[in-house]
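One letter stands for each residue in the lines below.
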Amino acid sequence: NLIFASQNKPDIVLRNALTNDIAVVTNPDEVLIYDRPIGREGLRWCDLQSWWTELRNIDDETAAKKTLYERLRSALPPRSPPQLLLYTEYYKWLGAAAPDMPALLPEVWFHYDPLTARQRGFSALLRQRMDFLLLLPGDGRVVLEVDGVHHYADPSGRASPAAYAQMAEADRDLRLSGYEIYRFGGKELTKDKEHDLD
């Protein structure tokens, strides 16, 4: 199950543990769950659009493409113009080749714990959600992260070795699980260099 396109932690129940059948029980329209097998070619835009077309019963291919693009775009945090820029530029750059290229999936839930970090305590899973995920041919997995001030500072804006260490630990865990990680500073992805955006 690929759980994505939601900034808010989904409220999930496991309906059948043997078949890994899950359901979102609260606000199901706020999250997308891609439950088809992902083959050796990875997850391409055309695969995602085909799934979306069936999920939403859309007859027109142009409408399916547009509504899927907008649904994924709407999942991006409104306070993060750099993430929006990365998303829009990726598809603009692909242009007509987009259908056969890897889909850029926003706000992907990688780890899932029904409890909050405060409830779970020291053993809480780090970084439950990825900014973006690409599933490439040959089982390639690429995570794109857009780092704002909260990645390296405390709530007051002062540099935080603890926040940085937590991020580094989560990155190592992902790499050991077979993911490549590419980080972008928020300021790299905005024309407004005077403001440090999320």
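In this text, all values refer to a predicted model and were calculated from it rather than measured experimentally. (Residues numbered from 1 in each chain as written. Predicted model: local features only at pLDDT ≥ 70, side-chain atom pairs only at ≥ 80, totals over all residues. Heavy atoms only, no water.)

**Side note on the pattern of salt bridges**
When the charged atoms of two side chains lie near each other, side chains of opposite charge can form a pair.
So, point 1. Across all of its chains, the model carries seven salt bridges by this definition.
So, point 2. Between Arg36 and Glu54 there is a salt bridge; the shortest N-O distance is 2.7 Å. Within this pair, whereas Arg36 is found in the loop between β4 (32-34) and α1 (45-56), its partner Glu54 is found in helix α1, the two being separated by 18 residues in sequence.
So, point 3. Its relative accessible area of 27% is what places Arg36 among the partly exposed residues.
So, point 4. Overall, Glu54 belongs to the exposed group, its relative accessible area being 52%. (Salt bridge = Lys/Arg side-chain N within 4 Å of Asp/Glu carboxyl O. Helix = DSSP H or I, 4+ residues; strand = E, 2+ residues; numbered from the N terminus. Buried < 20%, exposed > 50% of the residue type's maximum accessible area, 1.4 Å probe, protein only.)

**Thoughts on the packing of α1 against helix α2 (residues 61-74)**
Helix-helix packing: each pair is described by the crossing angle between the helix axes and the interaxial distance.
So, point 1. Relative to each other, α1 and α2 sit at 100 degrees, their axes nearing to 10 Å. Classified by the angle their axes make, α1 and α2 are roughly perpendicular. Contact with α1, carried on its side by Trp45, Leu48, Gln49, Trp52 and Thr53, involves Glu61, Ala64, Lys65, Thr67, Leu68, Tyr69, Arg71 and Leu72 of α2 and no other residues of that element.
So, point 2. Class assignment of the residues belonging to the contact of α1 with α2 gives a composition of seven nonpolar, three polar and three charged. (Axes fitted to C-alpha atoms, helices over the stretch in contact; angles between N-to-C directions. Parallel < 35°, antiparallel > 145°, perpendicular 65-115°, else oblique. Contact = heavy atoms within 4.5 Å. Nonpolar A, V, L, I, M, F, W, Y, C, P; charged D, E, K, R; others polar.)

Coordinates in, geometry out; function isn't part of it.
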